[in-house]
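# A look at the structure
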Amino acid sequence: MSDTVAPGPEKLQYQTEVKQLLDILAHSLYTEKDIFLRELISNASDALNRIQFEMLTNQDVTDADAELAIWLEPERDAGILRISDSGIGMNREELVTNLGTIAHSGAKAFLNGVEPGETSVEEIIGQFGVGFYSVFMVAKEVRVTSRSHCPEESGWTWISDGGSEYELVPADKASRGTEIEIRLKDDDSDFADAWRLEEIVKRHSDFVSFPIYLVEPVEPDADAETDEDAEAPVEAVAADEDGDGVSQTKLNSQTAIWRQTPSSVLEEDYNQFFRQLALGADDPLLHMHLVTDSPVDIRTVLFIPSKRPDDIFMAHREDGLRLYSRKILIQKHNRDLLPEYLRFVEGVVDSEDLPLNVSRETIQDNPATRQISQTLARRVLRELDRLAGRDEEKYAQFWEQFGMFVKAGLATDFEHRDSLIGLLRFKSTKSDGDWITLEQYAERMPANQKFIYYVEGPDLDAARRSPHLDYYKAHDLEVLYFSDPVADAYLSMSLMDFREMKLVNVDSADVEVPDTAGDEEASVEADEALQGLVEKFKAVLGERVEDVRSSNLLVENPSRLVYAGESMSRAFERMSNLMGQEAPQQKRILELNSDHELVRNLKARHDADAADPLLTELIEQVYDNALLLEDMHPEPAAMTERILAIMVAASRA
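Now for a description of the structure that goes with this document. Every chain is numbered on its own, with residues counted from 1 as its sequence reads. Reporting of local features is limited, given that this is a predicted model, to residues whose pLDDT is at least 70; pairs of side-chain atoms are given and counted only at 80 or more, and all residues count toward the totals for whole chains, interfaces and linings. To get the side-chain values, all heavy atoms of the structure are used, and hydrogens and water are removed first.

## Section: the overall build of the chain
Counting from the N terminus, the helices are DSSP H or I runs at least four residues long and the strands are E runs at least two residues long. Within the chain, the regular secondary structure consists of 21 helices and 22 strands. Exposure categories follow from relative accessible area, calculated using a 1.4 Å probe and restricted to protein chains: below 20% of the type maximum is buried, above 50% is exposed, and the middle band is partly exposed. Among the 653 residues that make up the chain, the fraction classed as buried is 50%. Long-range contacts, defined here as pairs at least 24 residues apart, represent 73% of the contacts in the chain between residues at least 6 apart. Computed by Shrake-Rupley with a 1.4 Å probe, the accessible areas treat only the displayed protein chains as cover when residues are assessed. Accessible surface, the chain: about 32,100 Å² in total, of which carbon and sulfur atoms supply 47%. Only heavy atoms enter the contact rule, under which two residues are in contact if any of them lie within 4.5 Å.

## Examining the pattern of salt bridges
For this analysis, a salt bridge means a side-chain nitrogen from Lys or Arg found within 4 Å of a carboxyl oxygen belonging to Asp or Glu. In total, this model carries 40 salt bridges according to the counting rule given. One salt bridge in this structure joins Asp190 and Arg196, with 2.2 Å as the shortest N-O distance. Relative accessible area serves as the criterion here: at 23%, Asp190 is assigned to the partly exposed category. Across the pair Arg299 and Asp297 runs a salt bridge, and its minimum N-O distance is 3.2 Å.

## A closer look at unusual backbone geometry
Put simply, Ser294 and Pro295 share a cis peptide bond, and its omega is 5°. Assignment of secondary structure puts Pro295 in the loop between strand E11 (286-292) and strand E12 (298-304). One non-glycine residue, Gln254, adopts positive backbone phi at about 55°. Mapped onto the elements, Gln254 comes out in the loop between strand E10 (245-250) and helix H7 (267-278). Positive phi, normally seen in glycine, also occurs at Asp432, with a value near 55°. Tracing the backbone through its elements, the reader meets Asp432 in the loop between helix H11 (417-423) and helix H12 (438-443).

## Some details on the sheet that holds strand E21 (residues 559-563)
In space, the 3 strands of this open sheet follow the order E20-E22-E21, with mixed pairing throughout. This sheet does not close on itself; its edge strands, each paired only once, are strand E20 (547-550) and E21. Put simply, the sheet's adjacent strands are angled 30° from each other on average, direction ignored. As defined by bridge partners, E20 adjoins strand E22 (residues 588-592) across 4 bridges and the pair is classed as parallel. Only strands that DSSP links by at least two bridges are regarded as paired with each other. Note on method: axes are straight lines fitted to C-alpha atoms, helices fitted across the in-contact stretch only, with angles between N-to-C directions ranging 0 to 180 degrees.

## Side note on the pairing of strand E3 (residues 80-85)
Burial of E3 is extensive: 6 of the 6 residues sit out of reach of the surface. Every second residue of E3 is oriented toward a common face, with Ile80, Arg82 and Ser84 on one face and Leu81, Ile83 and Asp85 on the other, all of them buried. Pairing analysis gives 6 bridges linking strand E2 (residues 70-75) to E3, with the strands arranged antiparallel. Bridge pairing in E3 links Glu73 to Arg82.

## Comments concerning the packing of helix H17 (residues 531-541) against helix H19 (residues 597-608)
Relative placement of two packed helices is described by the angle separating their axes and the distance separating the axes. Two numbers describe how H17 lies on H19: the axes approach to 9 Å, and their chain directions differ by 90°. Taken together, the axes of H17 and H19 are roughly perpendicular relative to one another. Contacts between H17 and H19 involve Gly532, Leu533, Lys536 and Phe537 from the former and Val599, Leu602, Lys603 and His606 from the latter. Partitioned by chemical class, the residues of the contact of H17 with H19 number 4 nonpolar, 2 polar and 2 charged. When an angle is under 35 degrees it counts as roughly parallel; over 145 it counts as roughly antiparallel; between 65 and 115 it counts as roughly perpendicular; any other value is oblique. Note on residue classes: Ala, Val, Leu, Ile, Met, Phe, Trp, Tyr, Cys and Pro are nonpolar, Asp, Glu, Lys and Arg are charged, and everything else, Gly too, is polar.

## Re the side chain of Ser84
Among the structural elements, Ser84 can be located in strand E3. Residue class for Ser84 comes out buried when judged on its relative accessible area of 17%. Apart from residues no more than four positions distant in its own chain, Ser84 is found in contact with Ala69, Ile70, Trp71, Thr178 and Glu179.

By themselves, these observations are geometric and do not establish any function.
Below is the structure:
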């Protein structure tokens, strides 16, 4: 305890738009108020984990022998609930940092854009770290009294009613840890009922690894047995500061589910454990429970969520598995145990082969960690492959949520390349909306087909409308849809072949197709027939195109833009554009369909009067239409005047 005289009470301002944020939490976005207790228990558990870790190497802490636990003390008549722990505690500066600064990484922009009903409190908590402040949904005032584990520190109390200010007051707290006193709103006084607290703990916090006690006063029982041989009560009874009896009832099972044998754990136990880990209500799509002693000790339970988290692509999101050593939490978010592309996997890993005083640096260099990482990655990919084999519907659900990560993995994880390729799924021109594998595509290829064909588009509908599909549909050749602009850009750069067959983009200027009698002769004849019109196209479009020519691969569409460069250059160009980096765009070749009515009409107009001004407008529109179909048009609105002029001319006919 410090000998210095503590200053008096202080009034301080929050460091962000707290009143607006708390108002949204309390009145606009929340449906289940009991979330606040889960958040406070989670914070208490974190504080206990931190002191447990600290005491591995430092015994010079306040209350070194104190039980590591969480206590819930309701006062129903007074409308008060106290939640206390014997965790690492906070000093004055930490109270200001942790409780006086809210959502400092972008809260204002978020709050300006959010509307009631558009999002959920779960998203706010996940994105901005405001779990503690959910308490103001039920509280009219909150007092947080804390004392740091450092012996020289004294206690402080933080007081807030959810307004724009909070107060700091020196506190006479002898024990280490934190106590949160909640003065409940009148409508929420049931949160001071013992039965309600027990129900919430069982539902949300049953697997917290520290005991959660319900503390209640015990009325003297004149008829109680005094015989020394009488059966001991189930509840622990002690005396409080006033000398009155109190009981402590342990509410949570405190089961390290990952250290049990898989056969002893029920499906609902796994689901409940996942809901606590992921702070969500949905059951997982898949769980994996691995217990092994060789070649490395591993006790792990991993989960594939049923839905992709809304904030998974946000830079500040904390991904990673919970890493334990001998049931002691070493890291809450370890990102070294699984490859980056599997960051959506939730779970716990416990290993006795890791040193208890392990740090982040030694984790990365530790041979046991490397062995664990390899084992877990293989296990996750194997279980996904098994899921695909036994339940196509569930695997389709996984693929729609997380398929993009598997595609990204192909670009980085060469060790598991074959496993990842087996997990790939595609929709195609012949799959009737279902997902297919590369193996299925290869099995139904005609004997004279040498390549695996794919078409790109900004989305599935755009890919289906692509003019590049004309020839393949007409000749019953299957084409895969690459319709995710980001993930499929990775895929086209990393998946060059399958079973020694090259993957070919059908927008290539030099794409090879199965031999079709007469195609080459017809192409020469078309070139000769369109020669004059082609020259006119070249004169109008100038440097905007690499070339203009006729095509024997167009059937239903009048034109298309094809790419003369390598597919790798194309993918790099797309990736650069998606990342906001200016990449020089290679010119395309405009191909014309000599059999299409529009092209025949243009040829007739050109033959009649090559200087016809409307012909120039029509050529420009043909080019713009091709740009639109490729999602390449820089300014679609600029076409409106030309379209109007063409409509006026057409209406005169």
